[in-house]
Amino acid sequence: DAGVIQSPRHEVTEMGQEVTLRCKPISGHDYLFWYRQTMMRGLELLIYFNNNVPIDDSGMPEDRFSAKMPNASFSTLKIQPSEPRDSAVYFCASGLAGGPGEQFFGPGTRLTVL
Amino acid sequence: GQQLNQSPQSMFIQEGEDVSMNCTSSSIFNTWLWYKQDPGEGPVLLIALYKAGELTSNGRLTAQFGITRKDSFLNISASIPSDVGIYFCAGRRTGTYKYIFGTGTRLKVLA
């Protein structure tokens, strides 16, 4: 079975540019999570969705960050405009509400903002 | 954001040795997860725990859900070089699907 798919795996951009990260959750999962990982702050939850609806976005750093989930098989995390301090690895994870509560992570997108 | 206290932060061990690490919280959790992350990859789920006192194994790995529900432990027996990586705990409170992650334990195995 395919796991969580993220694209791109690596993104290098210049400060001020718009960045869009993409995620395809595991088929049938109804929860989707976006995390950010840095050396300083570890793994932080940014936002999560249930049945395509944002449930908790309290971890989104500021208005430059936005996330959407237009359907059950696709989500985006957008940063506009990007800043060097946004450089991190961004992970998407998915889970099943009726299941035991496990979350499964994608391979991540390593973002570098110059 | 909030993080769980995980210890040790890092450890070097000899191949064949057993490894123990733990995770503590100030809050009561109803689910504990343990993950391993290899360089350049996403965390991979190792073990899930759902009940206080529960002891669950996955090959050479054994994890326990602390009876106070505020801690969890992971043991690796007879370590091998491929056990190298960062191990994370994650806890979840009742009524939410939101997990809080530990700070990670970096394991290095000397052959």
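Refer to the structure printed above.
Bear in mind that the values here come from a model prediction, so they are computed numbers and not experimental data. (Residues numbered from 1 in each chain as written. Chains lettered and ligands numbered in written order. Predicted model: local features only at pLDDT ≥ 70, side-chain atom pairs only at ≥ 80, totals over all residues. Heavy atoms only, no water.)

Give me the lowdown on the interface of chain B and chain A, citing residues and values where you can.
On the chain A side, the residues contacting the 20 residues of chain B number 26 residues. Summing the contributions of chain B and of chain A, the shared interface buries around 1700 Å²; its carbon and sulfur component is 52%. The interface formed by chain B and chain A holds one salt bridge in total. In this structure, the salt-bridge partner of Asp56 of chain A is Lys98 of chain B, at a minimum N-O distance of 2.9 Å. At the junction of chain B and chain A, the tally comes to seven residue pairs in polar contact (both at pLDDT 80 or more). Broken down by secondary-structure element, the contributors of at least two residues to the side of chain B that touches chain A are β4 (31-37), β5 (44-49), β9 (85-92) and β10 (99-101) of chain B. The dominant element in the side of chain B that touches chain A, judged by the number of residues it contributes, is β4 of chain B, at three residues. Split into classes, the residues belonging to the side of chain B that touches chain A amount to 10 nonpolar, six polar and four charged. (Contact = heavy atoms within 4.5 Å. Buried area = accessible area lost by both parts, 1.4 Å probe. Salt bridge = Lys/Arg side-chain N within 4 Å of Asp/Glu carboxyl O. Polar contact = N/O pair within 3.5 Å; in protein donor to acceptor, adjacent residues only side chain to side chain. Helix = DSSP H or I, 4+ residues; strand = E, 2+ residues; numbered from the N terminus. Nonpolar A, V, L, I, M, F, W, Y, C, P; charged D, E, K, R; others polar.)

Just give me the short version of unusual backbone geometry, but keep the residues and values in it.
Excluding glycine, residues mostly carry a negative phi; peptide bonds, for their part, are mostly trans. Of note, the amide linkage connecting Gln80 of chain A to Pro81 of chain A takes the cis form, showing an omega dihedral of -5°. With respect to the helices and strands, Pro81 of chain A occurs in the loop between β8 (74-79) and β9 (88-95). Backbone torsion omega between Ser7 of chain B and Pro8 of chain B reads -5°, so that peptide bond is classified as cis. Structurally, Pro8 of chain B is set in the loop between β1 (5-7) and β2 (10-14). Phi is positive for Arg69 of chain B, which is not a glycine, with a value near 70°. When you line up the elements, Arg69 of chain B lands in the loop between β7 (61-65) and β8 (71-76).

Requested: an account of the pattern of salt bridges, with residues and values cited.
Residues and elements named next belong to chain A. Tallied over the full model, the rule gives 11 salt bridges over all chains. For Arg64, the salt bridge goes to Glu83, with nearest N and O atoms at 3.5 Å. In this pair, Arg64 sits in the loop between β6 (53-56) and β7 (65-71) while Glu83 sits in the loop between β8 and β9, placing the two residues 19 residues apart along the sequence. Across the pair Arg85 and Glu83 runs a salt bridge, and its minimum N-O distance is 2.6 Å. On the basis of relative accessibility, which here comes to 23%, the residue Glu83 falls in the partly exposed class. (Buried < 20%, exposed > 50% of the residue type's maximum accessible area, 1.4 Å probe, protein only.)

Give me the state of the cysteines: which residues, what numbers.
Residues and elements named next belong to chain A. A complete count under the given rule lists two disulfides over all chains for this structure. One disulfide bridge connects Cys23 with Cys92, the sulfur atoms lying 1.9 Å from each other. Taking the sign of the torsion about the S-S bond as the criterion, the disulfide between Cys23 and Cys92, at about -65°, is left-handed. On the criterion of sequence distance, the pair formed by Cys23 in strand β3 (residues 19-24) and Cys92 in strand β9 is long-range, its members being 69 residues apart. With relative accessibility at 1%, the residue Cys23 sits in the buried group. Given a relative accessible area of 0%, Cys92 falls into the buried group. (Disulfide = S-S within 2.5 Å.)

Explain the side chain of Lys36 of chain B to me, using residue names and the numbers behind them.
Residues and elements named next belong to chain B. Here Lys36 shows up in strand β4. In this structure Lys36 comes out as buried when scored by relative accessible area, which is 14%. A distance of 2.8 Å separates a polar atom in the side chain of Lys36 from a polar atom in the side chain of Asp38. Filtering out sequence-adjacent residues up to four positions away, Lys36 remains in contact with Gly42, Pro43, Val44, Leu46, Ser82, Asp83, Val84, Gly85, Ile86 and Tyr87.

So what about the nonpolar core? Which residues, and what values?
Residues and elements named next belong to chain B. By size, the foremost hydrophobic cluster in this structure holds 22 residues, and its most contacted members are Trp32, Trp34, Leu74 and Leu107. At the level of secondary structure, the elements contributing two or more residues to this core comprise β2, β3 (19-24), β4, β5, β7, β8, β9 and β11 (105-110). The contact partners of Leu74, leaving out residues within four places of it in the chain, are Val19, Ser20, Met21, Trp34, Ile47, Leu61, Thr62, Ala63 and Tyr87. (Core = buried A, V, L, I, M, F, W, Y, C linked by side-chain atoms within 4.5 Å.)

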